[in-house]
Amino acid sequence: MPMCADAAMRLDRLLTTLAVGSRSQVKTMLRAGRVTVNGQVVRSADAHVQPGDRLTLDQQPLDARTTRHVLLNKPCGVLTAARDSKQPTVLDLLPPAYRACGCMPVGRLDKDTSGLLLLTTDGELAHRLLSPKRHVWKCYEATVDGPLNAQDTAAFAAGLELSDFTALPAELEILRSSPQEAVAQVRVREGKFHQVRRMFAARGRTVTALRRLSLGPLTLDASLQPGEYRELTAQELTELLAAVSKEDAE
Ligand code: URA
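Residues numbered from 1 in each chain as written. Predicted model: local features only at pLDDT ≥ 70, side-chain atom pairs only at ≥ 80, totals over all residues. Heavy atoms only, no water.

So, the overall build of the protein chain
- The helix and strand inventory of the protein chain stands at seven helices and 15 strands.
- Overall, the C-alpha framework of the protein chain stretches about 70 × 40 × 30 Å when taken along its three principal axes.
- The contacts of the protein chain with a sequence gap of at least 6 include a subset with a gap of at least 24, amounting to 66%.
- As displayed, the protein chain has an accessible area near 12,600 Å², and 52% of this comes from carbon and sulfur atoms.
- On the protein chain, the mean spot of the 32 positive side-chain charges and the mean spot of the 29 negative ones are 6 Å from each other. (Helix = DSSP H or I, 4+ residues; strand = E, 2+ residues; numbered from the N terminus. Contact = heavy atoms within 4.5 Å. Areas by Shrake-Rupley, 256 points an atom, 1.4 Å probe, with all protein chains shown as cover. Lys, Arg positive; Asp, Glu negative; His and termini not counted. Charge placed at Lys NZ, Arg CZ, Asp CG, Glu CD.)

Pasting the structure below:
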């Protein structure tokens, strides 16, 4: 994985963006000769770096990428927000450089929902994924507090009436059902507040566990434990960009 700078910018600005230190700490680091660019010590704060330049700090390679696309397996109990004064947020699960680069969650999972959460520095990509016009499919695994049956599947497919809107037709695949509990996969094309929980509530069921398995072409990486993350692969990013470049993805 290349770790070189991916945009032309002032060296001191890049180092601050990477959360290496405050602006004045970065100046001091540079003056002390601790930073190299392509093997040369650079002491001047107003030097510029170019895409592809390789940096080191204290002889260690510095991951200088400021463009980030992160696939996180969100654990339950963590807020989908950049910061919160009281509770842990998804940004707290990533190294400080991600927050410093402006990496933000795309949409929102409830505090008690786990699974696939995309975070990106690309505001346009986030906007496109969230646009109600694009109808990007999301798949969830839901556990509910009672049985589900073919009538529930038909009601999801018809478009459930909620208090303030009618949900678009959705797919409900029942994986197992008993009088006490059922587990199902739900595919929806909207992302309204508490949407999946509210859809089950409209059928008289309470969701006891909810996990997102996919977002458009992205699927939850089974090797990621809750709280773990990785960068998107080049292929995942290509597929994601292709999915949102369609005027109105089905
Ligand atoms: N629907 C919900 O009800 N909650 C989520 O976190 C995501 C979808």
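Quick notes on helix H4 (residues 123-130)
- By the burial criterion, the buried members of H4 are Leu125, Ala126 and Leu129. Along the axis of H4, the buried residues cluster in a sector spanning 100°; they form a single face. Seen from the open side of H4, the exposed residues pointing more than 90 degrees away from its buried face are Gly123 and His127.
- Residues of H4 that are buried make contact with strand E7 (69-74), strand E9 (113-120) and helix H7 (234-245).
- Of the residues flanking the start of H4, the one acting as N-cap is Asp122, its side-chain oxygen 3.1 Å from the backbone nitrogen of Glu124. (Buried < 20%, exposed > 50% of the residue type's maximum accessible area, 1.4 Å probe, protein only. Arc of directions from axis to C-beta. Polar contact = N/O pair within 3.5 Å; in protein donor to acceptor, adjacent residues only side chain to side chain.)

Structural notes on the nonpolar core
- Counting 32 residues, the largest nonpolar core has Leu119, Phe156, Val186, Met199 and Phe200 as the members making the most contacts within it.
- Contributing elements (two or more residues each) for this core: E7, E9, strand E10 (138-144), helix H5 (150-158), strand E12 (182-188), helix H6 (195-202) and strand E13 (207-215).
- Top element by residues in this core is E12. It accounts for four residues.
- Met199 has contacts with Phe156, Leu160, Leu162, Ala167, Ala170 and Val188, leaving out every residue within four places of it along the chain.
- In this structure, Leu15, Val35, Val42 and Ala64 belong to the second largest nonpolar core, which totals 18 residues. (Core = buried A, V, L, I, M, F, W, Y, C linked by side-chain atoms within 4.5 Å.)

Considering the sheet that holds strand E5 (residues 55-57)
- Read from one edge to the other, the open sheet built from four strands follows the order E3-E2-E5-E6, with strand pairing classed as antiparallel. The open sheet has two edge strands with one neighbour each: strand E3 (40-41) and strand E6 (60-62).
- The sheet contact formed by E5 and E6 spans three bridges and is antiparallel. Bridge assignment links Leu55 to a residue of E6, and that residue is Leu62. (Pairing = 2+ DSSP bridges.)

Things to note about the pattern of salt bridges
- Applying the stated criterion across every chain yields a total of 18 salt bridges.
- In this structure, the salt-bridge partner of Asp58 is Arg34, at a minimum N-O distance of 2.8 Å. Here Arg34 lies in the loop between helix H2 (23-31) and strand E2 (35-37) and Asp58 lies in the loop between E5 and E6, a separation of 24 residues in the sequence.
- You can call Arg34 partly exposed: its relative accessible area is 34%.
- Linked through salt bridges whose partners overlap, the residues forming this network are Asp63, Arg65, Arg68 and Glu231. (Salt bridge = Lys/Arg side-chain N within 4 Å of Asp/Glu carboxyl O.)

Some thoughts on the side chain of His69
- In this structure, His69 sits in strand E7.
- A relative accessible area of 11% places His69 in the buried class.
- Looking at His69, its side chain comes within polar contact range of the side chain of Thr120, at 2.8 Å.
- Beyond its immediate chain neighbours, meaning those up to four positions away, His69 contacts Leu119, Thr120, Asp122, Leu125, Arg230, Glu231, Leu232 and Leu237.

Quick notes on the environment of Val42
- Tracing the backbone shows Val42 in the loop between E3 and strand E4 (48-49).
- Residues Val42 and Leu72, 30 residues apart in the sequence, show an inter-C-alpha distance of 35 Å.
- With residues near it in sequence (within four places) discarded, Val42 still touches Leu11, Leu30, Val35, Thr36, Val37 and Ala47.

Let's talk about the pairing of E9
- With eight of eight residues buried, E9 is to be regarded as a mostly interior element.
- Two strands pair when backbone bridges link them, and E7 and E9 are joined in this way by six bridges, in the antiparallel orientation. Paired with Asn73 across the two strands is Leu116, which belongs to E9.
- Inspection of the sheet shows strand E8 (residues 104-105) paired to E9 by two bridges, in the antiparallel sense. In the sheet register, Met104 faces E9, and the bridge partner there is Thr120.
- Where E9 lies against E13, three bridges are found, and the strand directions are parallel. Bridging across to E13, Gly115 finds its partner in Arg212.

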